[in-house]
Amino acid sequence: MARNGVETSVGFNYRHAPAIERARQLVGDGRLGEITNVRASFLAGYAADPRAALSWRFNRELAGGGVLADLFSHAVDLCGHVVGSIQSISAATNVMIPARPKLSMGQGTHFDLIEGGEMGEVENEDYAAALVRFSPEGLAQRAIGTIEASRVAIGPQCGYRLEIYGTEGSVKWDYERLNELEVVLGRNNEEQGFTTVIGSPGHGEYSRFQPGPGNAMGFDDLKIIEAKKFLLAVCGGEKTNSTIADAVAAAALVEAAEKSAATGDWQQTGKPAQGQKMQY
């Protein structure tokens, strides 16, 4: 793709939340100081019910990885986009619900609940957790992070969270509260805690959608931003879109996490091929 000048786009749409763009700006401007540790998690409950149908998502041949490929990959991308490259990873995975009722091919989804019926094996992981080391460059040169993902959590529906801690400040974001960013700047902050910053025209693409602070944006707006950035790149404009190279980079980290979970060893993450612009 890169060698032939083909522009691509990948649906890492959580990058485009104005609160995330603001967090990235604070990190890049050094407002948080040197990054010390990062916590990312993507917890969902779409497969928490054992009656949830055995769809293609649970089949190794059709889906590849389970929650690693599905939700963990988004958390990996957001860490790279906001903080910086991940150098190595140590992971563990688990299958919490080993068998589910079979679903006829081409019918229904994993959201369907089936009472009784023939059971089939779940072939990929329901839960994954990892310890990561960031690359020894930039503001995250000594940072260590944790990444966690689950598709069987009771409670969170789209519990996508990112926390970044630095020597001079910290930020926290929760996708279920998309338009808010928790911020603390300065070691001697009088409040000794986080301040909730609401979405406003100074954050990312917020002003393209809303006239003033506090007007909520949603998931569909993030997809519009994704499409806009792709079209700008296609038309020869600014290239700030997430690309196939970012997807390959996330896949390399997923593969490294799978290998680490199988061997118990730390794994180095993949390096980009010539001509690729990867985040990790």
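Residues numbered from 1 in each chain as written. Predicted model: local features only at pLDDT ≥ 70, side-chain atom pairs only at ≥ 80, totals over all residues. Heavy atoms only, no water.

1. Describing the overall build of the chain
Here comes step 1: Within the chain, the regular secondary structure consists of five helices and eleven strands.
Here comes step 2: Its C-alpha atoms put the chain at 60 × 45 × 40 Å along the principal axes.
Here comes step 3: Buried residues in the chain amount to 46% of all 280 residues.
Here comes step 4: Expressed as a percentage of contacts within the chain between residues at least 6 apart in sequence, the contacts between residues at least 24 apart total 72%.
Here comes step 5: With an accessible surface of roughly 13,800 Å², the chain has 49% of that area assigned to carbon and sulfur atoms.
Here comes step 6: Charge separation in the chain, taken as the distance between the mean sites of 26 positive and 34 negative side-chain charges, equals 5 Å. (Helix = DSSP H or I, 4+ residues; strand = E, 2+ residues; numbered from the N terminus. Buried < 20%, exposed > 50% of the residue type's maximum accessible area, 1.4 Å probe, protein only. Contact = heavy atoms within 4.5 Å. Areas by Shrake-Rupley, 256 points an atom, 1.4 Å probe, with all protein chains shown as cover. Lys, Arg positive; Asp, Glu negative; His and termini not counted. Charge placed at Lys NZ, Arg CZ, Asp CG, Glu CD.)

2. What to know about empty space enclosed by the protein
Here comes step 1: If you walk through the whole model with that rule in mind, you get one cavity of 30 Å³ or more.
Here comes step 2: For the largest cavity, the calculated volume is near 40 Å³.
Here comes step 3: Taken together, Pro18, Ala19, Leu178, Asn179, Val197, Ile198, Gly199, His203 and Tyr206 form the lining of the largest cavity.
Here comes step 4: Only helix H1 (18-28) and strand E10 (195-198) provide two or more residues apiece to the lining of the largest cavity.
Here comes step 5: Here the residues of the lining of the largest cavity sort into six nonpolar, three polar and no charged. (1 Å grid on protein atoms, 1.4 Å probe; cavity = no way out; pocket = protein on both sides within 12 Å on 5 of 7 lines; lining within 4 Å. Points joined across faces, edges and corners; volume = space filled by probe spheres on them. Nonpolar A, V, L, I, M, F, W, Y, C, P; charged D, E, K, R; others polar.)

3. Some points on the pairing of strand E8 (residues 169-174)
Here comes step 1: Of all six residues in E8, five are buried; the element is thus mostly enclosed.
Here comes step 2: Between strand E7 (residues 159-166) and E8, which follow one another and run antiparallel, lie two residues.
Here comes step 3: With four bridges connecting them, E8 and strand E9 (residues 180-185) associate as antiparallel partners. Counterpart to Lys172 in the pairing with E9 is Glu182.
Here comes step 4: Between the end of E8 and the start of E9, which pair antiparallel, lie five residues. (Pairing = 2+ DSSP bridges.)

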